[in-house]
Amino acid sequence: MSKFRTIAVFPYPAQAAVIKSKLESENIAVFLRDEFTIATDPFATNAIGGVKMDVYKEDYIKAIGLVEQSNPEITQSITDLVVCPNCKKRQVREQSDVLTATTFAERLKAVFLSIFPFSSDKHYKCMNCSHKFDLNE
């Protein structure tokens with residue numbers, strides 16, 4: 001089970017660096033995956049899926065709140081660049097996010113998972129093929 005949550009995906013490392021510095025100023029540890037790969041070859045960003053910004057699960061709610069306060073349109077990039085491993089479409093949404101939950105049961109589950117993040121459920125669902133997956137697979 002992973003102890004990190006992806007809070008955003010950026011096409012370029014420079015965009016991620018701005019948000020990273022904001023979160024680190026609030027004592028939230030931030031880890032960027034694929035940062036150096038995309039920095040050396042910017043054209044690989046679509047193939048790799050962008051720079052993924054991860055935080056510890058216990059800092060996830062605080063980090064999302066800070067990102068929304070500082071730059072609300074950044075939260076739209078959370079799943080914009082995530083590709084479904086099954087159908088290769090970019091119609092993915094996070095399962096445990098209260099804002100994207102469509103039914104009462106999904107909202108209740110999202111609130112529960114944000115309070116008790118010990119679930120091993122898949123965190124993402126493709127809206128095209130209904131495949132559930134995690135970025136760490």
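Definitions and cut-offs
- Residues numbered from 1 in each chain as written.
- Predicted model: local features only at pLDDT ≥ 70, side-chain atom pairs only at ≥ 80, totals over all residues.
- Heavy atoms only, no water.
- Core = buried A, V, L, I, M, F, W, Y, C linked by side-chain atoms within 4.5 Å.
- Buried < 20%, exposed > 50% of the residue type's maximum accessible area, 1.4 Å probe, protein only.
- Helix = DSSP H or I, 4+ residues; strand = E, 2+ residues; numbered from the N terminus.
- Polar contact = N/O pair within 3.5 Å; in protein donor to acceptor, adjacent residues only side chain to side chain.
- Contact = heavy atoms within 4.5 Å.
- Disulfide = S-S within 2.5 Å.

So, on to the nonpolar core. Burial of nonpolar side chains together is a common tendency in soluble globular proteins. Membership of the largest hydrophobic core comes to 18 residues, with the highest contact counts inside it found for I7, L23, M53 and V55. Residue assignment for this core shows that the elements contributing at least two residues are β1 (4–10), α1 (13–25), β2 (30–33), β3 (51–56) and α4 (60–70). Top contributing element to this core by residue count: α4, with five residues. The next biggest cluster of nonpolar side chains, apart from the first, holds five residues, and it includes V92, Y124, C126 and F133.

Right, let's get into the side chain of K52. For K52, the location among the structural elements is in strand β3. Taking relative accessible area as the criterion, K52 reaches 9% and is therefore assigned buried. Reaching out from K52, the side chain makes a polar contact with the backbone oxygen of G50 at a distance of 3.0 Å. Sequence-distant contacts of K52, defined by excluding residues within four places in its chain, comprise T6, A8, V9, F31, L32, R33 and D34.

This part is about the environment of C129. If you trace the backbone, C129 turns up in the loop between β5 (124–126) and β6 (132–133). Sequence spacing of C129 and Q91 is 38 residues, and the spatial spacing of their C-alpha atoms is 9.1 Å. Residue contacts for C129: discarding those within four places in its chain leaves C84, N86 and C87.

Quick look at the state of the cysteines now. Under the counting rule described, the total for this entry stands at zero disulfides. There is no disulfide at C84, and the cysteine sulfur nearest it, in C129, is 3.7 Å away. In this model C87 remains outside any disulfide bridge; the closest cysteine sulfur is found in C126, 3.6 Å from its own. On the basis of relative accessible area, C87 is assigned to the partly exposed category, the value being 22%.

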